[in-house]
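Results of the structural survey
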Amino acid sequence: NCSYFKHFTPGQSSEIFEVTTQKEYSISAAAIAIFSIGFAIIGTICVLLSFTKKRDYLLKPASMFYTFAG
């Protein structure tokens with residue numbers, strides 16, 4: 001069984017250590033990754049709009065979104 005392993009010590013009884021995955025960490029890591037991708041996409045949209053429409057004021061929000069994505 002992969003969910004536990006036994007550790008034997010000489011002269012003592014065996015101890016069983018449970019190995020469990022913590023799903024809370026994986027769910028929060030996935031949520032952070034999704035938010036990061038979203039901020040990177042919004043930053044890219046701001047950069048593309050600033051280059052095509054000659055709107056330089058969109059570069060500051062784009063840099064803020066890229067910083068949040070990092």
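Residues numbered from 1 in each chain as written. Predicted model: local features only at pLDDT ≥ 70, side-chain atom pairs only at ≥ 80, totals over all residues. Heavy atoms only, no water.

Looking at the UniProt feature "transmembrane region" (unreviewed entry) in the protein
In the numbering used here, UniProt assigns the feature "transmembrane region" (unreviewed entry) to residues 27-51. Along residues 27-51 the backbone is 100% helical and 0% strand, and the end-to-end C-alpha distance reaches 37 Å. (UniProt positions renumbered as here; feature names shortened; annotations may be inferred. Helix = DSSP H or I, 4+ residues; strand = E, 2+ residues; numbered from the N terminus.)

Quick word on unusual backbone geometry
A positive phi angle is found at Lys 54, which is not glycine, with a value near 60 degrees. In this fold, Lys 54 is placed in the loop between α1 (23-52) and α2 (59-69).

Concerning the packing of aromatic side chains
Counted under the stated rule, the structure contains two aromatic pairs. Taken together, a centroid distance of 6.1 Å and an interplanar angle of 20 degrees make the contact between Phe 39 and Phe 65 stacked. In this pair, Phe 39 is assigned in helix α1 and Phe 65 in helix α2, connecting sequence segments 26 residues apart. Note on Phe 39: relative accessible area 28%, which makes it partly exposed. A centroid spacing of 5.6 Å and a plane angle of 55 degrees characterise the contact between Phe 39 and Phe 68, whose relative ring orientation is tilted. You can see Phe 39 sitting in helix α1 and its partner Phe 68 sitting in helix α2, a full 29 residues away along the chain. Grouping aromatic residues by their ring pairs yields a cluster made of Phe 39, Phe 65 and Phe 68. (Phe/Tyr/Trp six-rings, centres within 6.5 Å; stacked < 30°, edge-to-face > 60°. Buried < 20%, exposed > 50% of the residue type's maximum accessible area, 1.4 Å probe, protein only.)

Considering a nonpolar patch on the surface
Nonpolar side chains collect at one region of the surface, where Ile 37, Ile 41, Ile 45 and Leu 49 lie side by side and expose about 360 Å² of accessible area between them. Residue Ile 45 is classed as partly exposed on the basis of its relative accessible area of 45%. (Patch = residues over 30% accessible without salt bridge, like charges linked within 9 Å, V, L, I, M, F, W, Y side chains within 5 Å. Areas by Shrake-Rupley, 256 points an atom, 1.4 Å probe, with all protein chains shown as cover. Salt bridge = Lys/Arg side-chain N within 4 Å of Asp/Glu carboxyl O.)

Considering the environment of Leu 49
Here Leu 49 lies in helix α1. Separated by 10 residues in sequence, Leu 49 and Leu 59 place their C-alpha atoms 9.2 Å apart. Each residue touching Leu 49, except ones within four places of it in the same chain, is listed here: Lys 54 and Leu 58. (Contact = heavy atoms within 4.5 Å.)

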